[in-house]
Amino acid sequence: MTDKVLLIGHGSREHAIAKALVKGGAELYSLMAHKNPGIVKLSKKTLLSKLTDFEHLKELSSKVDFAVVGPEAPLAKGISNVLADQGVPCVGPKTQGAQLESSKSFARELLEKHRISANPRFKIFSSIEGIEAYLKEIGGFVVKPDGLTGGKGVKVFGEHLQTEDDALQYCQQILKEHEQVIIEECLEGEEFTLQAFVDGKQVIPMPLVQDHKRAYDGDTGPNTGGMGSYSCEDHSLPFVGEGDVEVAIQVMQQTVAAIKRETGEPYKGFLYGQFMLTKQGPKIIEYNVRLGDPEAMNVLPLLQDNFVEICWGIINGTLKRASFEEKATVCSYLVPEGYPSAPKRGEPIIIGDVKTELYYGSVHQENGRILTTSSRSIALLGIGNNLQQAHEQVVESLDKIQGKLFYRRDIGTQELVSRRIQHMRRILQA
Ligand code: AMP
Ligand code: GLY
């Protein structure tokens, strides 16, 4: 019998999930806030609605066997709880587990309470009192609002905050909108992403990925939702040691066990660990309770198992293992000119003869034309036996797309990767 699956979300990550579900034999029903032409084409039925508005869910949930949730906002608001009440199991944690992303203080305190040694030094404040003294005590620091901020809101001393006064003012501003602010030690190292399938108990890892948050080549310019990402054929990254991956997996396993002990609710879904590899080993920068965007595109197309069966494994608590092709990937986003601060919206995008995988992001389809919105437009994925091949492929395709768009050319290049390796070496030797 065909599995009927409800997919929540409308970005490139969800387009990648949609492709994997359909490849696994699923019949797709999708809920999205704007029409993603790629997902619409793969779906039997599509409903347009705000993703955090659950009123119309039943129209689709009554038709499906299970649901897969793409973004964090509906998870934080309890879509998995609501769907469970409607008899639909969900790939995506309930609110209890979703706090790992929706509340940075919850995540930090959970790790501390359960003695999971992946936290930087940190302190949580609900008023300005004591912050100044702590800033002085801790040295290099990062300021984070408690709550979902769409990847924005984190400010690093020396980068976004130049003086302690700047930092105090920023804390004051945060405390007007959020209950708490977190001050944590600024970790030095290289970041990597470890994503996993989680069935309540088992943490089944996917290949490591490195994302690029800065807008322009050479890691310059403002922070974005992620301009692109790469993964390597050995499923690790050139600056990460074998022991480091094991530590990172263990940290995630301990976190999943802690969620169950703390909330009574098993964590079922995807778990995304953003790690900083430091001299003292991997430390958690943050958890996301979903796949990454763009990181989902690096891993799902390499999956050798049936994704629908993996989803059932997550739901039923019967995951065993997952295999991925031993290939390298480079994913690059085309984004509107002016992104992220002043993106040119409503500009047409002309797609030529693209030979790689293409994922529609935040675009809008009108009278047969594809138009830009305010966010990342289209992701392209190169897959090769090594990074060089994957990079060549993606650059060739990027040039086939026209419009008022830009992208980074350096993701996955030898030059950039070497810089990362050298940076890590310097840190380990210091
Ligand atoms: P987050 O929203 O927590 O992922 O933070 C956004 C970015 O801020 C991360 O990708 C890091 O580059 C940086 N960041 C966050 N926390 C820290 C930390 N404790 N030390 C150094 N950099 C950090
Ligand atoms: N690429 C970062 C994220 O998905 O949050």
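Remember, it's a predicted structure, so these values are computed and weren't measured experimentally.

## Some points on the site of ligand 2
Around ligand 2 lies a shell formed by D211, K213, G225, Y272, N288, R290, G292, D293, P294 and E295. Within the side chain of N288, a nitrogen or oxygen atom sits 3.4 Å from an oxygen atom of ligand 2. Separating a nitrogen atom of ligand 2 from a side-chain N or O atom of E295 is a distance of 2.8 Å. Contact with the protein chains removes 90% of the 200 Å² of surface that ligand 2 exposes when unbound. In the shell around ligand 2, the residues fall into 2 nonpolar, 3 polar and 5 charged.

## Digging into the pattern of salt bridges
If you walk through the whole model with that rule in mind, you get 23 salt bridges. A salt bridge links E347 to K404; the shortest N-O distance between them is 4.0 Å. Here K404 lies in the loop between strand 22 (401–402) and strand 23 (405–406) and E347 lies in the loop between strand 16 (328–336) and strand 17 (348–351), a separation of 57 residues in the sequence. For D410, the salt bridge goes to R408, with nearest N and O atoms at 3.0 Å. The residues D410 and R408 share a single accessibility class, namely buried. Shared partners join several salt bridges into a network, and the residues in it are E190, D219, R408, D410 and R420.

## Re the site of ligand 1
Around ligand 1, the surrounding shell holds 13 residues, and the nearest of these are K144, E184, L187, E191 and E286. Between K144 and ligand 1, the recorded distance is 3.0 Å, taken from a side-chain N or O atom to a nitrogen atom. Take E184: an N or O atom from its side chain is 3.0 Å from a nitrogen atom of ligand 1. In the complex, 89% of the free accessible area of ligand 1, which totals 480 Å², lies under the protein chains.

## Brief notes about the nonpolar core
Taken as a class, soluble globular proteins show a tendency for nonpolar side chains to be buried jointly. Core analysis: the biggest nonpolar cluster contains 118 residues, and L6, L21, V68, L100, F197 and F307 have the highest contact counts within it. In contact with L6, other than residues within four places in its own chain, are Y29, S30, L31, L57, L60, S61, V64, F66, A67, V68 and L83. Listed in part, the 16 residues of the second largest apolar core include I138, A167, L175 and V181.

## Considering the sheet that holds strand 6 (residues 122–125)
What the 4 strands build is an open sheet, ordered 6-9-7-8; its pairing is antiparallel. What marks the edges here is a single partner per strand, and that holds for strand 6 and strand 8 (155–156). Across 2 bridges, the pairing between strand 7 (residues 141–145) and strand 8 is antiparallel. Residue pairing for strand 8: V142 is matched across the bridge by V156. Each of strand 6, strand 7 and strand 9 (181–185) is contacted by helix 7 (residues 104–113), which is oriented at about 135° to strand 6, the strand it contacts most. The sheet contacts of helix 8 (residues 131–138) involve strand 6, strand 7 and strand 9, and relative to strand 9 the element is tilted by about 15°.

## Digging into the side chain of E184
In this structure, E184 sits in strand 9. By relative accessible area, which is 3% here, E184 ends up buried. Among the polar contacts made by the side chain of E184, one reaches the side chain of R108 at a distance of 2.8 Å. Filtering out sequence-adjacent residues up to four positions away, E184 remains in contact with R108, P120, R121, F122, I138, G140, F141, V142, K144 and I285.

## Overview of the packing of helix 7 against helix 10 (residues 242–263)
Between helix 7 and helix 10, the shortest axis-to-axis distance is 10 Å and the interhelical angle comes to 95°. With respect to each other, helix 7 and helix 10 are oriented roughly perpendicular. Residue-level inspection shows F106, L110, L111 and K113 of helix 7 in contact with helix 10, the latter providing T255, A258, I259, E262 and T263. For the contact of helix 7 with helix 10, the per-class residue count stands at 5 nonpolar, 2 polar and 2 charged.

Definitions and limits used
Residues numbered from 1 in each chain as written. Chains lettered and ligands numbered in written order. Predicted model: local features only at pLDDT ≥ 70, side-chain atom pairs only at ≥ 80, totals over all residues. Heavy atoms only, no water. Near = heavy atom within 4 Å. Polar contact = N/O pair within 3.5 Å; in protein donor to acceptor, adjacent residues only side chain to side chain. Areas by Shrake-Rupley, 256 points an atom, 1.4 Å probe, with all protein chains shown as cover. Nonpolar A, V, L, I, M, F, W, Y, C, P; charged D, E, K, R; others polar. Salt bridge = Lys/Arg side-chain N within 4 Å of Asp/Glu carboxyl O. Helix = DSSP H or I, 4+ residues; strand = E, 2+ residues; numbered from the N terminus. Buried < 20%, exposed > 50% of the residue type's maximum accessible area, 1.4 Å probe, protein only. Core = buried A, V, L, I, M, F, W, Y, C linked by side-chain atoms within 4.5 Å. Contact = heavy atoms within 4.5 Å. Pairing = 2+ DSSP bridges. Axes fitted to C-alpha atoms, helices over the stretch in contact; angles between N-to-C directions. Parallel < 35°, antiparallel > 145°, perpendicular 65-115°, else oblique.

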